[in-house]
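This is what each chain is made of:
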Amino acid sequence: MAKRTLAPTNGDGRSLTTPRSVDAAVWSICDILRRSNCAGALQYVPELTWLLFLRILDEREQREADEAKAVGADFSPSLESPYRWRAWAAPDGRKRKELVAGAMGAFFDFVNRDLLPHLKALRNKPSASDRQKVISEIMSGVERTRVDTEKNLLDVLDKLDSITEKAIDPTHVFPLSQVYEGLLLKMGEKGNDGGQFFTPREVIRAIVKAVDPKVGETVYDPCCGTGGFLAQAYDYMLEGLGRNATARHIGKLKRETFFGREKENLIYPIALANLILHGVDRPNLWHGNTLTGYEQYGGLYEDAPGTFDVILTNPPFGGKEGKEAQTNFAYKTSATQVLFLQHVIDALANDGRCGMVVDEGVLFRTNEKAFVQTKRKLLDDCDLTCIVSLPPGVFTAAGAGVKTNLLFFTKGGPTKKVWYYDVSDIKVTKKKPFVMSHLDNFFRLLPKAGTKAADSERSWTVDRKSIEAKNFDLKAVNPNRKEAVDTRTPSELIDLIEAKGKEVSEAIAALRATL
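Since this is a predicted model, take the numbers as computed values, not measurements.

Visitor: Any chance you could explain the overall build of the chain here in plain terms?
Guide: Scanning the chain from N- to C-terminus turns up 19 helices and ten strands. Put simply, the chain has 515 residues, and 50% of those count as buried. By sequence separation, contacts in the chain at least 24 residues apart represent 72% of the contacts at least 6 residues apart. A total accessible area of about 24800 Å² is found for the chain, and carbon and sulfur atoms account for 51% of it.

Quick look at the structure:
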């Protein structure tokens, strides 16, 4: 008789066969965390990050062990008992049963005084594997669990134990990585103070599609935040392989392709976990300040090249840097985005391509020498193919109302002309966010950029001479936009005002009659 296969559940007996069921299961964990000393997303997302990572790691390593056994190969897990999830966290785990049956507080003591110190110290082992270094870095900011009681922690572990990659029906439900993306989106919302680390996903998808990274190229983000650009580039490149994918291609994509830097202690582990959940086996991320060069941990970045084939990034808006950062750059300024633009130009390989977000001020400011010099360097060293002028509200949901633009350029200039595409007139709100469909015509015209065939009501080309005449003011000013013109005569306007006044008088009279 065939063995019956049980439907995957969320721990309460309900199957995880729809996006809503998976989403609800994850948010039920967040509800426990919110009542357990993790009031906001900036508290409960980091807590859920390390727990979810350890759960998925355990599942993946068990699958890898089974695959190795099937072909007679050796396999050594990153974690041994009692530090594997199945031993201390799973409901039937031997270590968990021992601790729960022991003295009051024994489970908390194990997690805070034994498990966490052990995981954080893995990177210091002389023979530490790449994966062990990743584990230590994801745990680097965790001093103790934020959950306030053992009961709440055990409830969280029980729910997490059932929300696994295997438990999600791939036919009907999006991958677990997308559930995690939803949590990062929550962290990036206005009011959660995480917007500085978060770029709207539709903007990321548009940039990745326009730059079109290929397998075999290196991809870099010098201020990677939660890893959104790198994760999306991985998904895009993997999908691009299609049926032509080979083990060599996939191995290179998972281990030798993605590089990034992030300085924030809270965000760096989240970026690592995000990439791991998307399927990147080795996230080559450097922990430190990109602009000053100050390193906190570089163990995962040891094999990074000096320059990169593709750069995808969104430097922080409105940041100010001190003298220590400025000394590393030819054109000194306190403006963070301008220093990052210089870094990007230098880090791009010959013929390398970049897609990045910059705020409006970087484009139009000509009253500071470093701004002008940096833009001249951009046009001298690179071919600035395109500037897309985005609507003012694109970053509003993340707490930033600044007007932004997308720059696309290739190393190996100089720039002779710049093609502009303008969507700044589109009204964007939290309920009506910016979406990829707003750029459908942009992608249709992009292959013709710089030619007459690419000109439209939203697009035009400016030559280098005109840009230099404006002292390198690169702001998009659409000469083709058709302004709405009121063609009514003064007499018609007076008649309209008179008619509206009559309507108001009649309404007031009707109200008086009811008194």
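Now, onward.
Visitor: Hey, could you run me through the pattern of salt bridges in this one?
Guide: Where side chains of opposite charge bring their charged atoms close, a pairing between them can arise. The tally for this structure, following the rule as stated, stands at 27 salt bridges. Members of the salt-bridge network, linked through shared partners, are Asp 130, Arg 255, Arg 282 and Asp 303.

Visitor: Just checking my understanding: could you explain the packing of helix 10 (residues 228-241) against helix 11 (residues 247-255) for this structure?
Guide: Remark: helix 10 packs on helix 11, axes separated minimally by 11 Å, with the N-to-C direction vectors making an angle of 175°. Between helix 10 and helix 11, the angle is such that the two are roughly antiparallel. Two secondary-structure elements touch here, helix 10 through Tyr 234, Met 237, Leu 238 and Leu 241 and helix 11 through His 249, Ile 250, Leu 253 and Lys 254. The residue inventory of the contact of helix 10 with helix 11, partitioned by class, reads six nonpolar, one polar and one charged.

Visitor: What is the right way to look at the sheet that holds strand 8 (residues 404-411) in this model?
Guide: Note on sheets: strands pair through backbone hydrogen bonds, and any given pair is parallel or antiparallel. The sheet built from ten strands is open, its strands ordered 4-3-2-1-5-6-8-7-9-10 with mixed pairing. The two strands at the open ends of the sheet, each matched to only one other strand, are strand 4 (295-297) and strand 10 (459-463). Averaged over all adjacent pairs, the angle separating strand axes in this sheet is 20°, with direction ignored. Bridge count between strand 6 (residues 348-359) and strand 8: seven bridges; the pairing is antiparallel. Bridge pairing in strand 8 places Asp 359 opposite Thr 404.

Visitor: Please clarify how the packing of aromatic side chains should be interpreted in this entry.
Guide: Think of a pair of aromatic rings as described by two things: how far the centres are apart, and how the planes are tilted against each other in angle. For the structure shown, the criterion picks out 14 aromatic pairs. Ring centres of Tyr 220 and Phe 308 lie 4.2 Å apart, and the angle between their planes is 10°; on these two criteria the pair is classed as stacked. Taken together, the residues span a long stretch of sequence, with Tyr 220 in strand 1 (residues 219-221) and Phe 308 in strand 5 (residues 308-313) at a distance of 88 residues. The exposure classification of Tyr 220 matches that of Phe 308, with both residues buried. Judged by centre distance (6.3 Å) and plane angle (85°), the ring pair of Phe 259 and Tyr 301 falls under edge-to-face. With a gap of 42 residues between them, Phe 259 in strand 2 (residues 258-262) and Tyr 301 in the loop between strand 4 and strand 5 connect regions that are remote in the sequence. Its relative accessible area of 4% is what places Phe 259 among the buried residues. Ring pairing ties together the aromatic residues Phe 408, Trp 419, Tyr 421, Phe 442 and Phe 443, which thus form one cluster. Directly above the ring of Trp 286 sits Arg 261, whose terminal nitrogen or CZ lies 4.4 Å from the centroid. Above the plane of the ring of Phe 371 lies Arg 365, whose end atom (NZ or CZ) is 4.2 Å from the centre.

Visitor: Explain the nonpolar core here, please?
Guide: With 97 residues, the main nonpolar core has Trp 50, Trp 88 and Val 388 as its most contacted residues. A per-element tally of this core places helix 2 (residues 41-70) first, with eleven residues. Other than its neighbours up to four places away in sequence, Trp 50 contacts Trp 88, Val 111, Leu 116, Ile 138, Met 139, Val 142 and Thr 145. By size, the runner-up hydrophobic cluster in this structure holds 35 residues, among which are Phe 308, Phe 371, Leu 379 and Leu 474.

Visitor: Sorry, what's going on with the packing of helix 5 (residues 106-121) against helix 7 (residues 150-162) here?
Guide: Each pair of packed helices gets described by two things: the angle between the helix axes and the distance between those axes. With their axes 9 Å apart at the nearest point, helix 5 and helix 7 run at an angle of 70° to one another. Judged by the angle between their axes, helix 5 and helix 7 are roughly perpendicular. As helix 5 runs across helix 7, the sense of the crossing is left-handed. Taken together, the residues of helix 7 that come into contact with helix 5 (itself represented by Ala 106, Phe 107, Phe 108 and Val 111) are Glu 150, Leu 153, Leu 154 and Leu 157. Tallied by class, the residues present in the contact of helix 5 with helix 7 amount to seven nonpolar, no polar and one charged.

Visitor: Is there a simple way to explain the environment of Tyr 294 in this structure?
Guide: Relative to the assigned elements, Tyr 294 resides in the loop between strand 3 (284-288) and strand 4. Residues Tyr 294 and Ala 325 lie 31 residues apart in sequence; the distance between their C-alpha atoms is 9.5 Å. If we ignore the near neighbours within four places in the chain, the residues touching Tyr 294 are Trp 286, Gly 288 and Asn 289.

Visitor: It is not clear to me how helix 12 (residues 267-278) should be interpreted in this structure. Could you clarify?
Guide: One full turn of an α-helix is made of 3.6 residues, so residues set three or four places apart face in the same direction. Between its first and last C-alpha atoms helix 12 spans 17 Å; for twelve residues at 1.5 Å apiece the expected length is 16 Å, and the two agree. Burial runs high along helix 12: twelve of the twelve residues are buried. Taken as a whole, helix 12 has its buried residues at Ile 267, Tyr 268, Pro 269, Ile 270, Ala 271, Leu 272, Ala 273, Asn 274, Leu 275, Ile 276, Leu 277 and His 278. Immediately downstream of helix 12, the backbone of Gly 279 shows phi near 120°, a positive value.

Visitor: Looking at this model, I keep getting lost on the confidence of the model for the chain. Mind explaining?
Guide: Reading fine detail from the predicted coordinates is not recommended where pLDDT is low. When pLDDT is averaged along the chain, the result is 86, and 87% of the positions lie at 70 or above. Here residues 1-15 scores under 50 on pLDDT; set against residues more than four positions off or in separate chains, the count is 15 contacts.

Visitor: What should I look at first to understand the environment of Lys 403 in this one?
Guide: Tracing the chain through its elements places Lys 403 in the loop between strand 7 (382-389) and strand 8. Counting along the chain gives 43 residues from Lys 403 to Glu 360, while the straight-line C-alpha distance between them is 5.6 Å. With near-sequence residues (within four places) excluded, Lys 403 lies in contact with Asp 359, Glu 360, Ser 389, Leu 390, Pro 391, Pro 392 and Ser 424. Among the polar contacts listed, one links the side chain of Lys 403 to the side chain of Ser 389, at a separation of 2.8 Å. Of the polar contacts made by the side chain of Lys 403, one reaches the backbone oxygen of Leu 390; its length is 2.8 Å.

Visitor: Where do I start with unusual backbone geometry in this structure?
Guide: Leave glycine aside and you will find that most residues have negative phi; peptide bonds, for their part, are mostly trans. Residue Pro 82 follows Ser 81 across a cis peptide bond; omega there is 10°. Examined against the element boundaries, Pro 82 turns out to sit in the loop between helix 2 and helix 3 (85-88). With a phi close to 60°, Asn 471 is a non-glycine residue in the positive phi region. When you line up the elements, Asn 471 lands in the loop between helix 18 (464-469) and helix 19 (490-513). By relative accessible area, Asn 471 is classed as partly exposed at 35%. At Phe 472, a position not held by glycine, the phi torsion is positive, near 65°.

Cut-offs used in this document
- Here the residue numbers are simple positions, counted from 1 along each chain's written sequence.
- A pLDDT threshold of at least 70 governs which residues receive local features in this predicted model, and a stricter bar of 80 or more applies before side-chain atom pairs are shown or counted, although totals over entire chains, interfaces and linings include all residues.
- Side-chain calculation: all heavy atoms of the structure are included, whereas hydrogens and water are not.
- Secondary structure elements are taken from DSSP: a helix is a run of H or I of four residues or more, a strand is a run of E of two residues or more, and numbering for both begins at the N terminus.
- For every residue, the accessible area (1.4 Å probe, protein chains only) is compared with the maximum for its type, and the residue is labelled buried under 20%, exposed over 50%, or partly exposed between those bounds.
- Here a residue-residue contact requires only that any non-hydrogen atoms of the pair lie within 4.5 Å.
- Computed with the Shrake-Rupley method and a 1.4 Å probe, the accessible areas treat only the protein chains shown as cover for residues.
- For salt bridges, the criterion is a side-chain nitrogen of Lys or Arg within 4 Å of an Asp or Glu carboxyl oxygen.
- Helix axes are fitted only over the stretch in contact, all axes being lines through C-alpha atoms; the angle between N-to-C directions runs from 0 to 180 degrees.
- Under this scheme an angle from 65 to 115 degrees is roughly perpendicular, one under 35 degrees roughly parallel, and one over 145 degrees roughly antiparallel; angles in between are oblique.
- The classification used treats Ala, Val, Leu, Ile, Met, Phe, Trp, Tyr, Cys and Pro as nonpolar, Asp, Glu, Lys and Arg as charged, and all other residues, Gly among them, as polar.
- Strands were regarded as paired on the criterion that DSSP finds at least two bridges between them.
- Planes of paired rings set the category: under 30 degrees apart is stacked, over 60 is edge-to-face and the rest tilted, where pairs are Phe, Tyr or Trp rings (Trp by its six-membered ring) whose centres lie within 6.5 Å.
- A ring has a charge above it when a Lys NZ or an Arg CZ is no more than 6 Å from the ring centre and no more than 35 degrees off the ring normal.
- Residues enter a nonpolar core if they are buried and are Ala, Val, Leu, Ile, Met, Phe, Trp, Tyr or Cys, with the set joined through side-chain atoms within 4.5 Å.
- The handedness criterion is simple: a crossing whose near helix is rotated anticlockwise from the far helix by less than a right angle is left-handed, and one whose near helix is rotated clockwise is right-handed.
- Between the first and last residue of a helix there are one fewer steps than residues, each counted as 1.5 Å, and that sum is the expected span.
- Per-residue confidence from the predictor is given as pLDDT, running between 0 and 100.
- Whenever a nitrogen or oxygen atom comes within 3.5 Å of another N or O atom, the pair is scored as a polar contact, on the condition that within protein one atom can donate a hydrogen and the other can accept it, and that pairs from neighbouring residues in sequence are kept only if both atoms are in side chains.

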